[in-house]
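# Residue-level structural notes
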Amino acid sequence: FMCVPDLYVYSFNLFKQSLSDTKLAAELSRSTIVCLMINPDANTCWHARKKLIMKGKIKVESELKLLSLILTKHPKSGALWSHR
């Protein structure tokens, strides 16, 4: 599990780069999934996913499946419950 911090940093940097380019919605979605699997209290990632849902880039059903998956590992995450 020594690679997890590096993976998080890489994903979060990719997330920040993807925020500035609207053509990278798929990359933004993937990078937020990785960040949120590691740290479900990353409110910035949840907010970006909420915007993607409202734009129709992410289906609500797939978002609920992701929430269920993250809840199995992090059931007490306040940011996750707020997003739900």
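Refer to the structure above for everything that follows.
So, a few notes on the structure that sits alongside this text. (Residues numbered from 1 in each chain as written. Predicted model: local features only at pLDDT ≥ 70, side-chain atom pairs only at ≥ 80, totals over all residues. Heavy atoms only, no water.)

Let's shift gears to helix α4 (residues 60-73). Between its first and last C-alpha atoms α4 spans 21 Å; for 14 residues at 1.5 Å apiece the expected length is 20 Å, and the two agree. Along α4, the positions that sit buried rather than exposed are Glu63, Leu66, Leu67, Ile70 and Leu71. Summarising the axial view, the buried residues of α4 lie within an arc of 135°, below the 170-degree limit, and thus occupy one face. Exposed residues lying more than 90 degrees from the buried face of α4 are Glu61, Lys65 and Thr72. Against the buried residues of α4 lie α2 (25-38), α3 (43-54) and α5 (78-83). (Helix = DSSP H or I, 4+ residues; strand = E, 2+ residues; numbered from the N terminus. Expected span 1.5 Å × (residues − 1). Buried < 20%, exposed > 50% of the residue type's maximum accessible area, 1.4 Å probe, protein only. Arc of directions from axis to C-beta. Contact = heavy atoms within 4.5 Å.)

Soluble, globular proteins show a tendency: their nonpolar side chains are buried together. Judged by nonpolar contacts, the single largest core of 17 residues is most densely connected at Leu36, Cys45, Trp46, Ile70 and Leu80. Mapped onto this core, the elements with two or more residues apiece are α2, α3, α4 and α5. Apart from residues lying up to four places away in sequence, Trp46 is in contact with Leu36, Pro40, Glu63, Leu67, Ile70, Ala79, Leu80 and His83. (Core = buried A, V, L, I, M, F, W, Y, C linked by side-chain atoms within 4.5 Å.)

For the rest of this paragraph, the subject is the packing of aromatic side chains. Tallying each qualifying case throughout the model produces two aromatic pairs. Relative to Phe12, the ring of Tyr8 has its centre 6.0 Å away and its plane inclined at 20°; by these criteria the two rings are stacked. You can see Tyr8 and its partner Phe12 sitting in helix α1 (residues 4-19), four residues apart, about one turn around the helix. Relative to Phe15, the ring of Phe12 has its centre 5.4 Å away and its plane inclined at 45°; by these criteria the two rings are tilted. Placement of both Phe12 and Phe15 in helix α1 is noted, with a separation of three residues, approximately one turn of the helix. The structure contains a cluster of three or more aromatic residues connected by ring pairs, namely Tyr8, Phe12 and Phe15. (Phe/Tyr/Trp six-rings, centres within 6.5 Å; stacked < 30°, edge-to-face > 60°.)

Our focus in this paragraph is a nonpolar patch on the surface. Together, Ile33, Met37 and Leu69 give the surface a local cluster of nonpolar side chains, amounting to about 230 Å² of exposed area. Inspection of the secondary structure assignment puts Met37 in helix α2. Classification of Met37 by relative accessible area gives partly exposed; the value is 34%. (Patch = residues over 30% accessible without salt bridge, like charges linked within 9 Å, V, L, I, M, F, W, Y side chains within 5 Å. Areas by Shrake-Rupley, 256 points an atom, 1.4 Å probe, with all protein chains shown as cover. Salt bridge = Lys/Arg side-chain N within 4 Å of Asp/Glu carboxyl O.)

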